[in-house]
Amino acid sequence: MKRNIWGSRDARIPIAAVLLGLTCLVYGCGTAPVRQQSRVDTAMGTIVTQTLYVRGGSGTVYENGESEAATDAESIFIMQLLEELEGRELSWRAEGSEVAEINAGAGGEVHVVPSSSLREILGQIWQISADSDGALDVTLGRLSRLWNMDELAAEGGQMSVPSIEQVRSALEDTGYERARFSGDALILPAGMQLDLGAVGKGIACDRVSAYLHSQPQITGAVVAVGGSVVTYGQKPDGSPWKVAIIHPREEGSYLGVLSLTGEQYVSTSGDYERYVTVDGVRYHHILDPATGYPARSGLCSVTIVCDGGLTADALSTACFVLGPERGIALAENYGAEALLVSEDGALHMTEGMKKIFSVGE
Ligand code: ADP
Ligand code: MG
């Protein structure tokens with residue numbers, strides 16, 4: 001018996017796809033105009049700026065004058081992605097998030113099997129903690145809550161510096177090397193609290209990147225989640241992506257500009273982001289896990305450029321704690337480029353950074 005492939009339900013979809021492909025070849029889908037979509041929103045407690053270059057689809061103005069309404073669908077999807085990442089996985093504040101649930105059990109020893117995505121994240125973090133001699137330590141939740149810098153700085157609030165006893169007591173509940181992984185399970189000693197604030201925005205950039213890769217109509221993008229940025233693809237004119245680095249001591253001005261091509265991840269950590277000054281001393285939000293106090297490494301800003309969002313964010317925090325020499329060594333160990341700014345204004349750069357960073361501009 002002859003089979004009528006036109007009647008076969010299964011065959012219809014591939015045939016339709018082939019026909020669509022042919023239509024595109026004839027009418028030149030690949031050359032549909034590229035539209036710029038720009039948005040500024042807030043998520044993860046910070047400002048999110050997006051510039052996406054999208055070929056065809058919503059907002060396109062065709063040569064014959066016809067146009068489609070701009071829906072910014074891709075940018076809106078990215079915002080949902082970030083809200084879900086924060087609310088369902090990473091936030092210690094959002095009730096019901098995975099991290100908040102783990103912390104809620106800290107009255108006794110915690111024995112949990114994290115989701116596979118959180119396991120992968122924790123695996124990467126623990127590796128960087130080990131490689132940085134503990135300069136990055138996401139088990140310092142009790143300490144960061146004691147200092148409470150995020151809220152104080154946001155409110156311009158008055159701060160009473162915690163006592164030495166309070167700091168010592170909070171320190172006792174920290175230490176990434178005291179957490180254990182057993183098979184798929186994570187075991188935390190009683191009292192330990194996780195705070196993924198040092199890596200959250202970088203993880204967000206990794207998620208954004210995965211989405212961008214899944215959308216062939218997006219030909220280029222630069223998305224900044226606070227101080228963490230991902231660049232992707234190309235600008236329509238082929239020129240490099242420009243990422244400005246904030247001047248750590250001159251409010252409203254820039255230290256310089258990075259020129260980047262293709263997919264790159266940038267993260268900056270600085271003592272100017274969230275801080276409170278008491279009796280002339282600047283208490284900022286990057287803590288030294290060895291002392292329990294805001295890091296005093298002589299640095300005021302660290303920028304990392306590398307091939308992953310989590311890595312860039314984790315390294316920027318860790319290098320800030322380690323100071324110029326050990327910071328540069330850690331970045332080089334990860335094949336990352338680093339720009340470290342000392343409080344006296346001196347710039348310390350890896351060799352590759354010197355090629356992509358220009359002062360001023
Ligand atoms: P931001 O979140 O402003 O971009 P960072 O990426 O440097 O800055 O992360 C700082 C946040 O990470 C702090 O607000 C605190 O919650 C947490 N944190 C502070 N110091 C450390 C540290 N040494 N290791 C891990 N997390 C830290
Ligand atoms: Mg960081």
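Remember, predicted model here, so these are calculated numbers, not experimental data.

*Asks:* Sorry if this is basic, but what is going on with the overall build of the protein here?
*Replies:* Within the protein, the regular secondary structure consists of eleven helices and 16 strands. Excluding contacts between residues fewer than 6 apart, the proportion of contacts in the protein whose partners are at least 24 apart in sequence is 61%. When the accessible surface of the protein is summed, it comes to about 17800 Å², and 51% of that surface belongs to carbon and sulfur atoms.

*Asks:* Please clarify how the site of ligand 1 should be interpreted in this entry.
*Replies:* Around ligand 1, the structure places 19 residues, and the nearest of them are Asp195, Ser269, Glu273, His285 and Leu287. Between a nitrogen atom of ligand 1 and a main-chain N or O atom of Asp137, the distance comes to 3.0 Å. Contacts to ligand 1 include Thr317, whose side-chain N or O atom sits 2.9 Å from an oxygen atom. Take the shell around ligand 1: its biggest share by element is three residues, from helix H9 (residues 309–322). Of the residues assigned to the shell around ligand 1, the class counts are eight nonpolar, four polar and seven charged.

*Asks:* Can you walk me through the pattern of salt bridges in this structure?
*Replies:* A side chain of one charge can pair with a side chain of the opposite charge when the charged atoms of the two come close. Summed over the entire model, instances satisfying the criterion amount to twelve salt bridges. For Arg207, the salt bridge identified is with Glu89, shortest N-O distance 2.9 Å. Taken together, the residues span a long stretch of sequence, with Arg207 in helix H8 (residues 200–213) and Glu89 in helix H2 (residues 73–90) at a distance of 118 residues. We classify Glu89 as buried; its relative accessible area is 15%. Its salt-bridge partner being Asp173, residue Arg142 comes within 2.5 Å of it at the nearest N-O pair. Placement of Arg142 in helix H5 (residues 141–147) and of Asp173 in the loop between helix H7 (164–172) and strand S4 (180–182) is noted, with a sequence separation of 31 residues between them. With a relative accessible area of 32%, Arg142 lands in the partly exposed category.

*Asks:* How should the packing of aromatic side chains be read in this particular structure?
*Replies:* How two aromatic rings sit relative to each other is set out by the distance from centre to centre and by the angle between their planes. Within this structure, the stated rule accounts for five aromatic pairs. Here the aromatic rings of Tyr53 and Trp241 are separated by 6.1 Å at their centres, their planes lie at 35°, and the arrangement is tilted. Of this pair, Tyr53 sits in strand S2 (residues 46–55) while Trp241 sits in strand S8 (residues 241–246), and the two are 188 residues apart along the sequence. An angle of 70° between the planes, with centres 5.4 Å apart, marks the rings of Trp147 and Tyr293 as edge-to-face. In this pair, Trp147 sits in helix H5 while Tyr293 sits in the loop between strand S12 (281–284) and strand S13 (299–306), placing the two residues 146 residues apart along the sequence. On the basis of relative accessibility, which here comes to 1%, the residue Trp147 falls in the buried class. Judged by relative accessible area, which is 27%, Tyr293 ranks as partly exposed. By the ring-pair criterion, three or more aromatic residues cluster together here, those being Trp147, Tyr283 and Tyr293. Here the basic side chain of Arg145 rests over the ring of Trp92, its NZ or CZ set 3.8 Å away from the ring centre. A cation sits over an aromatic face here: Arg296 above Tyr283, 5.9 Å from the ring centre.

*Asks:* Help me out: how do you make sense of the sheet that holds strand S9 (residues 254–260) in this one?
*Replies:* By way of backbone hydrogen bonds, the strands of a sheet pair with one another, either parallel or antiparallel. Reading across from one edge, S8-S9-S16 is the order of the three strands in this open sheet, with antiparallel pairing throughout. The open sheet has two edge strands, S8 and strand S16 (357–359), and neither has a second partner. On average, adjacent strands in this sheet sit at an angle of 25° to one another, irrespective of strand direction. Relative to S16, S9 is paired through three bridges, and the arrangement is antiparallel. Residue pairing for S16: Gly256 is matched across the bridge by Val359.

*Asks:* Explain helix H10 (residues 324–333) to me, please; I cannot follow it from the model alone.
*Replies:* In an α-helix, one turn spans 3.6 residues; hence positions three or four apart end up facing the same way. Within H10 the residues assigned to the buried category are Pro324, Gly327, Ile328, Leu330 and Ala331. Buried residues of H10, seen end-on, are gathered within an arc of 160° and therefore sit on one face of the element. Among the exposed residues of H10, those pointing more than 90 degrees away from its buried face are Glu325 and Asn333. Looking at the buried residues of H10, the elements they touch are helix H4 (116–131), S13, H9, strand S14 (337–342) and strand S15 (347–349). Phi turns positive, to about 65°, at Gly335, one or two residues after H10.

*Asks:* Explain the pairing of strand S5 (residues 185–188) to me, please; I cannot follow it from the model alone.
*Replies:* The side chains of a regular strand alternate, first on one face of the sheet and then on the other. Of the two faces of S5, the one lined by Ala185 and Ile187 and the one lined by Leu186 and Leu188 are each fully buried. Where strand S3 (residues 110–112) lies against S5, three bridges are found, and the strand directions are antiparallel. Bridged to Val112 within S5 is Leu186. Note: S4 against S5, three bridges, orientation antiparallel. Residue pairing in the sheet places Phe181 in a bridge with Leu186 of S5. Counted between consecutive antiparallel strands, the loop separating S4 from S5 contains two residues, among which Gly183 sits at a positive phi close to 60°.

*Asks:* What is the right way to read the coordination of the magnesium ion (ligand 2) from this model?
*Replies:* Six octahedral donors at a metal ideally form angles of 90 or 180 degrees, and four tetrahedral donors ideally form angles of 109.5 degrees. Only Ala198 (O), Asp313 (O), Asp313 (OD) and Thr317 (OG1) from the protein reach the magnesium ion (ligand 2) as donors, at distances of 2.2 to 2.5 Å. Summarised as a motif, the one-chain spacing of the donors to the magnesium ion (ligand 2) is A-x114-D-x3-T. With Asp313 and Thr317 both in helix H9 and four residues apart, the pair spans about one turn of that helix. Pair check on accessibility: Asp313 and Thr317 agree, each one buried.

Reading the values: rules and limits
- Residues numbered from 1 in each chain as written.
- Chains lettered and ligands numbered in written order.
- Predicted model: local features only at pLDDT ≥ 70, side-chain atom pairs only at ≥ 80, totals over all residues.
- Heavy atoms only, no water.
- Helix = DSSP H or I, 4+ residues; strand = E, 2+ residues; numbered from the N terminus.
- Contact = heavy atoms within 4.5 Å.
- Areas by Shrake-Rupley, 256 points an atom, 1.4 Å probe, with all protein chains shown as cover.
- Near = heavy atom within 4 Å.
- Polar contact = N/O pair within 3.5 Å; in protein donor to acceptor, adjacent residues only side chain to side chain.
- Nonpolar A, V, L, I, M, F, W, Y, C, P; charged D, E, K, R; others polar.
- Salt bridge = Lys/Arg side-chain N within 4 Å of Asp/Glu carboxyl O.
- Buried < 20%, exposed > 50% of the residue type's maximum accessible area, 1.4 Å probe, protein only.
- Phe/Tyr/Trp six-rings, centres within 6.5 Å; stacked < 30°, edge-to-face > 60°.
- Lys NZ or Arg CZ within 6 Å of the ring centre and 35° of its normal.
- Pairing = 2+ DSSP bridges.
- Axes fitted to C-alpha atoms, helices over the stretch in contact; angles between N-to-C directions.
- Arc of directions from axis to C-beta.
- Donors = N, O, S within 2.8 Å, 3.2 Å for Na, K, Ca; no water.

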